[in-house]
Amino acid sequence: MKDKARLIDTAKNCLIALLIVSALFLLFKAVTNETVSINISLKNFFGGSTETNTDSLPASVNSVHAANPVFLMTTSVDGSHYAVKYDSQSKDMLISQFSADLGEALGTSGSLREISEEDFQSALEGPGVFFDYLYSAPLSALASWLGTEVSGEANSKSARRLFLGDDEGNLILYFFSEGEDKYFSSETALSFSSISSKIAEFPIGNANFAFELEDEYKALDPYFIFSRETDTLRAVQVSGAVPDNNGIELLRYFGMNKNAVSDYFESNGSVVYVDGEKTLRIESSGEVIFSVTGSDGVILKAAASALTIEDCISACYEIAENSVALKAGDGVLSLVNISGVSTPSSCTVSFGYFVDGIPVTLPYGGYAASFHISDGAIVRAELNYRTYAFSGGTIRALPEKLAAEIAKAQGGEPVLSYEDTGSGIACTWINN
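As a starting point, this report considers the structure included with it.

About the thresholds
Throughout this description, residue numbers start from 1 for each chain and increase along the sequence as written. Per-residue local features of the predicted model are confined to residues with pLDDT of at least 70, and side-chain atom pairs are confined, for both listing and counting, to 80 or more; whole-chain, interface and lining totals are unaffected and use all residues. Side-chain numbers here rest on the full set of heavy atoms in the structure, without hydrogens or water. Strands here are runs of E lasting at least two residues and helices are runs of H or I lasting at least four, both read from the DSSP assignment and numbered beginning at the N terminus. Under the scheme applied here, a residue whose accessible area is under 20% of the maximum for its type counts as buried, over 50% as exposed, and between as partly exposed, the area being computed with a 1.4 Å probe on protein chains only. We call two residues contacting when some pair of their heavy atoms lies within 4.5 Å. A pair of strands counts as paired when DSSP detects no fewer than two bridges linking them. Note on method: axes are straight lines fitted to C-alpha atoms, helices fitted across the in-contact stretch only, with angles between N-to-C directions ranging 0 to 180 degrees. The aromatic pairing rule takes the rings of Phe, Tyr and Trp, using the six-membered ring of Trp, and pairs them if the centres are within 6.5 Å, calling planes under 30 degrees apart stacked, those over 60 edge-to-face and the rest tilted. The rule is simple: put a 1 Å grid over the protein atoms alone, call a set of points where a 1.4 Å probe fits but cannot get out a cavity, call an open set with protein on both sides within 12 Å along at least five of seven lines a pocket, and count a residue as lining if it has an atom within 4 Å of a point. Grid points are joined across faces, edges and corners, and a volume is the space filled by probe spheres set on the points. Every patch collects residues that have over 30% relative accessible area and no salt bridge, joining them within 9 Å if they carry like charges and within 5 Å if they are nonpolar side chains (Val, Leu, Ile, Met, Phe, Trp, Tyr). Throughout, the Shrake-Rupley method with a 1.4 Å probe supplies accessible areas, and for residues the shown protein chains are the sole cover considered. Put simply, a salt bridge is a Lys or Arg side-chain nitrogen that is within 4 Å of an Asp or Glu carboxyl oxygen. In summary, the charge assignment counts Lys and Arg as positive and Asp and Glu as negative, without counting His or the chain termini. Charge positions are represented by NZ for Lys, CZ for Arg, CG for Asp and CD for Glu.

## So, the side chain of Lys 198
Item 1. Mapped onto the elements of the fold, Lys 198 is located in helix α6 (residues 193-199).
Item 2. On the basis of relative accessibility, which here comes to 17%, the residue Lys 198 falls in the buried class.
Item 3. Discounting residues that sit within four places of it in the chain, Lys 198 has contacts with Gln 97, Phe 98 and Asp 101.

Here it is in structure tokens:
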């Protein structure tokens, strides 16, 4: 009987100890704001490793407006175009006026109908609103950033150029699917009157698409917009930047335990953190590289049953917003490239810097932040820290018409950008 009572007392003590540990862990979670998985939190709390050696990022819904339209155009009933490409205040006004309409159009779009290029261009010459994101993005992602969901055929499509047009009083969604090189239209649940009154509030403009100027600019991208805006931009200063505290706060975003990593400094001032198969290198130049030598990547959590491209964009955007964006000053991040949209478990997601709505080219190319995903986990990331600030002056760019004349020889699409030379900022036209 004594042995049985001793066993019961031992079991009670073990249960009490387990309850105390559980309570302490829940208290720890309640008073911290760590955006890491329970698996990572257990490692941090106990200072050891768990049964699994692969960490996870939490599902995230923070990628609201991971990209905004870069060029916008309204077309009135008389066919005149009012376009905004470089004036950030006017651009913001257009975005605020019509983003909700684009979201509703995407969310209520029905079956897709493939149309000809002539039909698409004919629609663009009629009344409506044109959105150009400059870089292609999944329609499902665009819809989610605008607070809606897209279903049916449109869910698998990507586009950079979309148009809300009129067809006998109905609001029609048009877009060009660049991956397929096809044009589509879809009826929506909206009437065109829902946007026509707002279009009428904007000035009568004198903008044109390149295709409307017939043979003169046939070598250019047909949807290049001659906005005829001023060629004066706000002057910008650039400086190098590095993560605070030697980048120690970045460790948690890459599933690395800051209490367990080994670290060392290199002769050039760079610091390297190593945690098992994971390595995080913080260069003195502001470049940060995360890499995995084996299969111990940072798993991306799916919001639903299977990982989607929106899950990938959202998780990567969260890391970028909590790293390079914190030091960007007057610069903002925007999605500029996705490869492997149809295979989200193995894809690449990249973000670029924009200043005043104008894209920034970095000294040696590359991106503000780029993430390589394999088997549903981040296995490599590259971050480039830069700080941009308005100087209070202005800078003149090569006039749009002259840039188009020069581009006619090689074709393509001239895009005005801020060129980050490493030591300063210039305005330059690149061929997109």
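Once you've had a look at it, read on.
## Here's the deal with the sheet that holds strand β7 (residues 170-177)
Item 1. Pairing is antiparallel across the open sheet formed by seven strands, whose spatial order is β3-β2-β5-β6-β7-β8-β4. The sheet is open, and its two borders are formed by β3 (81-84) and β4 (113-115), each paired with just one other strand. Adjacent strand axes in the sheet meet at a mean angle of 25°, parallel and antiparallel pairs treated alike.
Item 2. Bridge count for β4 against strand β8 (residues 182-191) is three bridges, and the pairing is antiparallel. Within the sheet, the bridge partner assigned to Glu 114 lies in β8 and is Phe 184.

## Quick word on the pairing of strand β24 (residues 425-431)
Each regular strand displays side chains that alternate between the two surfaces of the sheet.
Item 1. Two elements, strand β23 (residues 414-420) and β24, share seven bridges in a ladder whose sense is antiparallel. Bridged to Leu 416 within β24 is Trp 429.
Item 2. As consecutive antiparallel partners, β23 and β24 are separated by four residues, and within that stretch Gly 422 has a phi angle of approximately 100°, a positive value.

## Some points on the packing of aromatic side chains
Item 1. As enumerated under the stated definition, the model contains 19 aromatic pairs in all.
Item 2. Between Tyr 183 and Tyr 223 the ring centres are 6.5 Å apart and the planes differ by 65°, which places this aromatic pair in the edge-to-face class. Here the residue Tyr 183 occupies a position in strand β8, and Tyr 223 occupies one in the loop between β9 (208-209) and β10 (225-226), the gap between them amounting to 40 residues. Here Tyr 183 and Tyr 223 have matching classes, each one buried.
Item 3. Pairing Tyr 317 with Phe 351 gives two aromatic rings, centres 5.5 Å apart and planes at 50°, and the pair type is tilted. In this pair, Tyr 317 sits in helix α7 (residues 309-321) while Phe 351 sits in strand β18 (residues 347-355), placing the two residues 34 residues apart along the sequence. Each member of the pair, Tyr 317 as well as Phe 351, is classed as buried.
Item 4. Through a chain of ring-to-ring contacts, the aromatic side chains of Phe 120, Phe 130, Phe 176, Tyr 183, Phe 209, Phe 211 and Tyr 223 assemble into a single cluster.

## Observations regarding the layout of surface pockets
It is the rolling of a water-molecule-sized probe over the atoms that shows where space remains empty.
Item 1. Here the largest pocket defines a volume of roughly 390 Å³.
Item 2. Looking at the largest pocket, it is lined by 20 residues, and the ones nearest its centre are Asn 68, Asp 92, Val 332, Phe 354 and Gly 357.
Item 3. The set of elements that each furnish at least two residues to the lining of the largest pocket consists of α3 (88-108), α7, β17 (331-339) and β18.
Item 4. For the lining of the largest pocket, the element with the highest residue contribution is α3, accounting for four residues.

## So, unusual backbone geometry
Item 1. Its identity is not glycine, yet Glu 168 carries a phi of approximately 55°, on the positive side.
Item 2. As for its placement among the helices and strands, Glu 168 is situated in the loop between β6 (158-167) and β7.
Item 3. Classification of Glu 168 as exposed rests on a relative accessible area of 76%.
Item 4. Despite not being glycine, Arg 228 shows a phi value in the positive range, around 60°.
Item 5. When you line up the elements, Arg 228 lands in the loop between β10 and β11 (232-240).

## Digging into a negative patch on the surface
Item 1. Together, Glu 117, Glu 118, Asp 119 and Asp 181 give the surface a local cluster of negative charge.
Item 2. By the secondary structure assignment, Asp 181 is in the loop between β7 and β8.

## Digging into the pattern of salt bridges
Item 1. A full pass over the atoms with the stated rule returns 17 salt bridges.
Item 2. Put simply, Arg 161 and Asp 221 hold a salt bridge, and the shortest N to O gap is 3.3 Å. Of this pair, Arg 161 sits in strand β6 while Asp 221 is found in the loop between β9 and β10, placing the two residues 60 residues apart along the sequence. Accessibility assignment for this pair places Arg 161 and Asp 221 in one class, buried.
Item 3. The partner of Glu 413 in a salt bridge is Arg 161, and the shortest N-O contact between them spans 3.4 Å. Residue Glu 413 is found in the loop between α8 (400-407) and β23, and its partner Arg 161 is found in strand β6; the two are separated by 252 residues along the sequence.
Item 4. When its relative accessible area of 3% is taken as the criterion, Glu 413 is described as buried.
Item 5. One network of salt bridges, with partners in common, ties together Asp 132, Arg 160, Arg 161, Glu 178, Asp 221 and Glu 413.

Any link to function would need more than the numbers given here.
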